[in-house]
Every structure is written in structure tokens, then in C-alpha cells.
Amino acid sequence: GQNPTEDQIVEMVMQANCEWDGQMTKRDFLGVGLEIVKAGFDIMEDVRAAFKVFDHNNDGSISREELCEAMVNFGTRCTDEEFAVMFAEADKNADGKIDFEEFSAMMIPSTPGHGCV
């Protein structure tokens, strides 16, 4: 489910190139829907690429050490406590590692960030 803002809806209507009478043809609607789906795939490709950067040993998950090392390499500074909270929030199943699904939820959050600078 998506919850577009009013600006995003206006942009979709503009993309569909339809009249402002509140009506959209089926073809216009499907065209805009396809663009939205494509944009979602592009985002997921970016998330997949980022996941590979963090998952140094390519085992399909990100350990605490891998995340910490990546954050240091990217110049992100956190206290040990901030890091522990962020890792725990990302590690939804509490197995001590972040899998792709958990990483995706962390990278495309529905609410703003985690307190690191």
C-alpha cells in the first residue's frame, strides 16, 4: 500500500496527461500505475545494491560488525548506545543479524531516522 501526498497525486495526474475534470481514462490510470510500480522496482534495486555493500561476506545477512564497519567507512558516527538501539530496531526477529527484508524496512522507513549523525 502506498499513501501518496497531494503533490504526488497532482504529479500522477500530470504524468497521465489527463483533464482536470476529476476523470481519468482506464488507459491513463493503468499508465500511471505502471510508472508507480516501475519507480518501486528502481528503489528496491537501489536497496539491493546497498545491501550488497553492507553484506561484506555475502552470506545474505548483515552482522553487527559489518554494519559498524560500513557506518565507519561512510563517516556515520553513533554512540555505542545509539548503534545498539538502531541495530535492535532493524533486527526485527532478534537473531543477531539483519536480513534483506529487515534491511529494506530500515532503508525505506515509514517514519524518520534513528538518531545517528
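Computed from a predicted structure; not experimentally measured.

J.: What is the right way to read the overall build of the protein from this model?
T.: Within the protein, the regular secondary structure consists of five helices and two strands. The order of α-helices and β-strands along the protein, N terminus first, is α-α-β-α-α-β-α. When the 117 residues of the protein are sorted by exposure, 24% land in the buried category. A sequence separation of at least 24 residues applies to 46% of the contacts in the protein between residues at least 6 apart.

J.: Teacher, can you tell me more about a nonpolar patch on the surface here?
T.: A cluster of nonpolar residues, Ile43, Met107 and Ile108, forms a patch on the protein surface that exposes about 250 Å² of accessible area. Its place among the elements puts Ile108 in the segment after α5 (100–107). The class for Ile108 is partly exposed, based on a relative accessible area of 40%.

J.: Quick question: what am I supposed to make of the confidence of the model for the protein here?
T.: Residues shown with low pLDDT carry predicted positions that ought not to be read at fine detail. Overall, the predicted model of the protein reaches an average pLDDT of 78, with 70% of residues at or above 70. Confidence drops under pLDDT 50 across residues 111–115; counting only partners more than four residues distant or on other chains, this segment forms four contacts.

What counts, and at which threshold
- Residues numbered from 1 in each chain as written.
- Predicted model: local features only at pLDDT ≥ 70, side-chain atom pairs only at ≥ 80, totals over all residues.
- Heavy atoms only, no water.
- Helix = DSSP H or I, 4+ residues; strand = E, 2+ residues; numbered from the N terminus.
- Buried < 20%, exposed > 50% of the residue type's maximum accessible area, 1.4 Å probe, protein only.
- Contact = heavy atoms within 4.5 Å.
- Patch = residues over 30% accessible without salt bridge, like charges linked within 9 Å, V, L, I, M, F, W, Y side chains within 5 Å.
- Areas by Shrake-Rupley, 256 points an atom, 1.4 Å probe, with all protein chains shown as cover.
- Salt bridge = Lys/Arg side-chain N within 4 Å of Asp/Glu carboxyl O.
- pLDDT = per-residue confidence, 0-100.

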